[in-house]
Amino acid sequence: MAAYGKSISQGAADRGTGVRNAALGVGTAVVIGAVAAAKPHAPNLSLIAAAPTVVQVHLTAALTALVIGSVLMLRVKGTTLHKLLGWTWVLAMGTTAVSSLFIQVINPGHFSFIHLLSGWTIVGLPGAVYAIKRGKVAAHRRAMTGMFVGGLLIAGAFTFLPGRLLWTVFLG
């Protein structure tokens, strides 16, 4: 690989970028398909206000994690700001994951497949923090990027499926 100007670690990073781009493509396709089949309108925020408190907490935490995560992905890593925002992101993601366990709309009274992402996040967050505390930057990067893509972007795309709350708020 070095003959082509890339080190082995850069090749691994390229694979991660491909997976992330594929996930973004799937999420984008879901949203585009949903919008094409819908009647977009001004958001009906009264539906969110009428939702149970756990749904409001979950949505607030997820949006907070999405904004902070986007900033973290785009900015320089390892700075004091990155660490501060990173801890805030961990709290927001933890709140998002734990609160989701109390939302059982898809399968009333039972967990659904989407709760697997919650379990993954609940286990992965401490693991990613442990990795960076031990100086394992690549493991930390993979874990955090995976949770951002899987736990926020892909799971978030599912909230725009017909019949779900955000579908109704924006498209239904």
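Everything below is about the structure shown above.
Let me sum up the structure you'll find in this document. (Residues numbered from 1 in each chain as written. Predicted model: local features only at pLDDT ≥ 70, side-chain atom pairs only at ≥ 80, totals over all residues. Heavy atoms only, no water.)

1. A word on the overall build of the protein chain
The line we're drawing: The helix and strand labels rest on DSSP assignments: H or I over at least four residues marks a helix, E over at least two residues marks a strand, and numbering proceeds from the N terminus. Each residue is placed in one exposure class: buried if its accessible area under a 1.4 Å probe, protein chains only, is under 20% of its type's maximum, exposed if it is over 50%, and partly exposed if it falls in between. Any two residues whose heavy atoms approach within 4.5 Å are treated as being in contact.
On a plain count of helices and strands, the protein chain comes out with seven helices and zero strands. Secondary structure elements in the protein chain, listed N-terminal to C-terminal, are α-α-α-α-α-α-α. When each of the 172 residues of the protein chain is scored for burial, the buried share is 31%. Sequence-distant contacts, at least 24 apart, represent 65% of the contacts inside the protein chain between residues at least 6 apart.

2. Here's the deal with the side chain of Thr145
By the element assignment, Thr145 lies in helix H6 (residues 137-158). For Thr145, a relative accessible area of 14% puts it in the buried group. Each residue touching Thr145, except ones within four places of it in the same chain, is listed here: Arg20 and Met73.

3. Here's the deal with a nonpolar patch on the surface
So the rule is basically this: Exposure above 30% relative accessible area and no salt bridge define the residues that can form patches, which grow by joining like charges within 9 Å and nonpolar side chains of Val, Leu, Ile, Met, Phe, Trp and Tyr within 5 Å. Each accessible area is a Shrake-Rupley result for a 1.4 Å probe, and residues are judged covered by the shown protein chains and nothing else. Any carboxyl oxygen of Asp or Glu that lies within 4 Å of a side-chain nitrogen of Lys or Arg is treated as forming a salt bridge with it.
Taken together, the side chains of Val98, Phe102 and Ile122 make up a nonpolar region of the molecular surface, amounting to roughly 280 Å² of accessible area. Assignment of secondary structure puts Ile122 in helix H5 (residues 115-133).

4. Quick notes on the environment of Leu153
Structurally, Leu153 is set in helix H6. Assessed through its relative accessible area of 23%, Leu153 is described here as partly exposed. The spacing of Leu153 and Gly27 is 126 residues in sequence and 6.7 Å in space, taken between C-alpha atoms. Those residues in contact with Leu153, other than ones at most four positions away along the chain, are Leu24, Leu66 and Phe148.

5. Topic: the nonpolar core
The cut-off we apply is this: Remark: nonpolar core denotes a set of buried residues (Ala, Val, Leu, Ile, Met, Phe, Trp, Tyr, Cys) joined through side-chain atoms within 4.5 Å.
With 18 residues, the main nonpolar core has Trp89, Met93, Leu125, Met144, Met147 and Leu152 as its most contacted residues. Looking at this core, the elements that each hand over two or more residues are helix H3 (53-74), helix H4 (80-100), H5 and H6. Ignoring any residue separated from it by four or fewer positions in sequence, one finds Trp89 in contact with Ala65, Ile68, Gly69, Leu72, Leu125, Met144, Met147, Phe148 and Leu152.

6. Concerning the environment of Ala62
Residue position: Ala62 is located in helix H3. C-alpha separation for the pair Ala62 and Gly151, spaced 89 residues apart in sequence, amounts to 9.1 Å. Non-local contacts of Ala62, meaning those with residues more than four positions away in its chain, are made with Thr96 and Leu152.

7. Notes on the packing of H3 against H6
Filter applied, for reference: Axis definition: a line fit to C-alpha positions, over the contact stretch in the case of helices; interaxial angles, taken between N-to-C directions, run 0 to 180 degrees. For any pair of crossing helices, the crossing counts as left-handed if the nearer helix is rotated counterclockwise from the farther one by less than a right angle, and right-handed if it is rotated clockwise. All amino acids are sorted into three groups, where Ala, Val, Leu, Ile, Met, Phe, Trp, Tyr, Cys and Pro are nonpolar, Asp, Glu, Lys and Arg are charged, and the leftover types, Gly among them, are polar.
Relative to each other, H3 and H6 sit at 145 degrees, their axes nearing to 11 Å. In this structure, the crossing between H3 and H6 has a hand that is left-handed. Judged by residue contacts, Ala62, Ala65, Leu66, Gly69, Ser70 and Met73 of H3 engage Thr145, Phe148, Leu152 and Leu153 from H6. Residue composition of the contact of H3 with H6, by class: seven nonpolar, three polar and no charged.

8. Section: the packing of H4 against H5
Going by this rule: Any angle from 65 to 115 degrees is called roughly perpendicular, while one under 35 is roughly parallel, one over 145 is roughly antiparallel, and all others are oblique.
One way to put it is that H4 packs onto H5 with a least axis distance of 8 Å and a crossing angle of 155 degrees. Relative to H5, the element H4 lies roughly antiparallel. Two packed elements cross with a definite hand, and for H4 against H5 that hand is left-handed. Contacts between H4 and H5 involve Trp87, Trp89, Val90, Met93, Gly94, Ala97, Val98 and Ser100 from the first element and His115, Ser118, Thr121, Ile122, Leu125, Val129 and Lys133 from the second. Residue composition of the contact of H4 with H5, grouped by class: nine nonpolar, five polar and one charged.

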